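Observations on the three-dimensional arrangement
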Amino acid sequence: MMIEGRQQRSIWYEARAGEVCVIDQTRLPHEFAVYRLQTLEDACEAITSMRVRGAPLIGVTAAFGVYLALRENPDSLETAVKRLRATRPTAVNLRWALDRAVRELSEQKPAGAAGNALEFALALAEEDAACCEAIGGHGGEVLRRLWQERCAQDRPLRVLAHCNAGALATVCWGTALAAVYKAAGAGVPLQVWVNETRPRNQGGALTCWELRRAGIDHNLIVDGAAGHVMASGLVDACITGSDRVSASGDVCNKIGTYQVALAARDNNLPFYAALPVSTIDFDWPSADEAIPIEERAAEEISVTSGIEAGGRETRVRQYPEETVVRNFAFDVTPARLVSGIITEHGVFDANRNSLAALAGAQLSPSDP
Ligand code: MRU
């Protein structure tokens with residue numbers, strides 16, 4: 001993404017200071033702040049507190065976390081991986097990145113461990129960037145075709161997005177928003193309906209922030225309005241990211257995604273999920289089997305934060321402490337509601353046969 005005229009990634013390494021830097025997403029949209037990670041605990045805290053979030057970015061941050069741990073103690077691979085694994089339970093990219101780190105690093109001699117871990121994390125970040133760009137290529141083509149079919153090319157394609165599956169959720173580009181960026185770059189006029197995505201408002205705070213920077217027309221709506229805009233004929237397609245896809249094509253994503261997919265089906269609208277192959281969990285057979293769905297703190301729902309007119313940050317308790325809250329962070333959309341899974345290797349049907357072609361597929365994304 002472009003910030004003040006230069007390409008900005010969500011995570012990067014500053015060699016001179018020996019620091020891993022991230023955009024602190026808890027400060028957006030009011031403040032662009034860089035947060036520096038120097039220890040394993042910094043990396044764990046950044047993931048848990050959601051300074052960094054989004055499945056692919058969580059995976060890459062964890063890889064840098066391994067480096068920070070080995071820099072302090074070259075013998076700490078096992079404990080570091082265990083600690084990082086416990087930070088967030090749902091996005092499978094975390095487990096995927098840590099499993100890869102273990103495969104790459106467990107045979108190494110302690111002397112070179114930290115250097116190798118840094119090399120691994122930097123390579124994973126590059127992979128993620130290439131992968132997301134390829135997802136954007138394939139997804140952009142899906143959106144271009146929908147524009148031709150649905151809009152007779154004489155009005156913008158109207159896309160509904162949930163949560164933030166943009167550049168901020170990955171190293172750069174994003175997944176669902178990469179499709180939007182690539183389509184826009186190919187000359188497709190777009191208007192994006194952005195679901196606010198309660199309770200942490202990743203849509204309102206992050207997706208709108210990104211789209212404004214990219215100069216893409218968008219409107220923020222409350223989550224409950226998604227069905228209404230679809231039923232009013234104001235949407236052509238829905239596209240989201242994912243935190244974990246089953247081997248059968250069920251899509252686990254930010255809470256509220258299931259309702260978007262239901263409303264899309266009822267209104268004969270396509271619902272696509274865009275994700276890297278690393279988000280497909282081939283050990284998860286289907287939605288019939290439960291996966292860990294993160295439950296977060298009640299305060300995310302009962303306490304609201306924002307800035308006052310003078311710019312001072314403020315927190316307001318919306319609901320009394322006695323109100324018993326359940327804060328489910330993710331839900332699962334059954335494969336039958338999913339029109340297609342957009343990956344770095346192309347677009348696949350949301351079923352076991354189609355996705356089987358991707359089992360064991362390594363990166364080296366195909367050209368769009
Ligand atoms: O809780 P978050 O903000 O980490 O959840 C993010 C999402 O649900 C995204 O849609 C998903 O991780 C895909 S990001 C490319």
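Note that the structure is predicted; figures quoted are calculated from it, not measured.

Conventions used here
Residues numbered from 1 in each chain as written. Predicted model: local features only at pLDDT ≥ 70, side-chain atom pairs only at ≥ 80, totals over all residues. Heavy atoms only, no water. Domains from an automatic or database assignment. Buried area = accessible area lost by both parts, 1.4 Å probe. Salt bridge = Lys/Arg side-chain N within 4 Å of Asp/Glu carboxyl O. Polar contact = N/O pair within 3.5 Å; in protein donor to acceptor, adjacent residues only side chain to side chain. Helix = DSSP H or I, 4+ residues; strand = E, 2+ residues; numbered from the N terminus. Near = heavy atom within 4 Å. Areas by Shrake-Rupley, 256 points an atom, 1.4 Å probe, with all protein chains shown as cover. Nonpolar A, V, L, I, M, F, W, Y, C, P; charged D, E, K, R; others polar. Pairing = 2+ DSSP bridges. Right-handed = clockwise from strand over helix to strand, strands pointing away. Phe/Tyr/Trp six-rings, centres within 6.5 Å; stacked < 30°, edge-to-face > 60°. Lys NZ or Arg CZ within 6 Å of the ring centre and 35° of its normal.

A word on the domain arrangement of the chain
- Per the domain assignment, the segments of the chain are domain 1 (2-126) and domain 2 (138-363).
- Taken over C-alpha atoms, the centre of domain 1 sits 24 Å from the centre of domain 2.
- When the two sides are added together, the surface that domain 1 and domain 2 hide from each other amounts to roughly 2,700 Å², 56% of it contributed by carbon and sulfur.
- Summed over the shared surface of domain 1 and domain 2, the number is four salt bridges.
- Our enumeration of links across domain 1 and domain 2 arrives at 18 residue pairs in polar contact (both at pLDDT 80 or more).
- When contributions to the side of domain 1 that touches domain 2 are tallied by element, the ones reaching two or more residues are strand 1 (2-3), helix 2 (55-72) and helix 4 (92-105).

Structural notes on the site of the ligand
- Surrounding the ligand, one finds 18 residues, the nearest of these being Ala55, Arg88, Asp243, Asn253 and Lys254.
- In the model, an oxygen atom of the ligand is placed 2.7 Å from a nitrogen or oxygen of the lysine 254 side chain.
- Protein coverage of the free-state accessible area of the ligand, which is 410 Å², stands at 100%.
- Elements represented by at least two residues in the shell around the ligand include exactly helix 2 and strand 11 (251-254).
- In terms of residue class, the shell around the ligand is made up of seven nonpolar, seven polar and four charged.
- Here the shell around the ligand spans two domains, and each of domain 1 (2-126) and domain 2 (138-363) adds at least three residues to it.

Examining the pairing of strand 8 (residues 217-221)
- Of the strand pairs in this sheet, strand 7 (residues 190-195) and strand 8 are connected by five bridges, and their pairing is parallel. Paired with asparagine 195 across the bridge in strand 8 is isoleucine 221.
- Regarding topology, helix 7 (residues 202-214) serves as the crossover connection from strand 7 to the parallel strand 8, and that connection is right-handed.

Examining the packing of aromatic side chains
- Tallied over the entire structure, the rule returns two aromatic pairs.
- The ring of tyrosine 35 carries the charged tip of arginine 51 above its face, separated from the ring centre by 4.0 Å.
- Note that lysine 254 overlies the ring of phenylalanine 330, its terminal NZ or CZ placed 4.2 Å from the centroid.

A word on the sheet that holds strand 10 (residues 244-246)
- Spatial ordering of the open sheet is given by 13-10-11-16, a layout of four strands whose pairing is mixed. What marks the edges here is a single partner per strand, and that holds for strand 13 (280-281) and strand 16 (330-333).
- Here strand 10 pairs with strand 13 via two bridges, running parallel. When the sheet's bridge partners are listed, valine 245 is paired in strand 13 with isoleucine 280.

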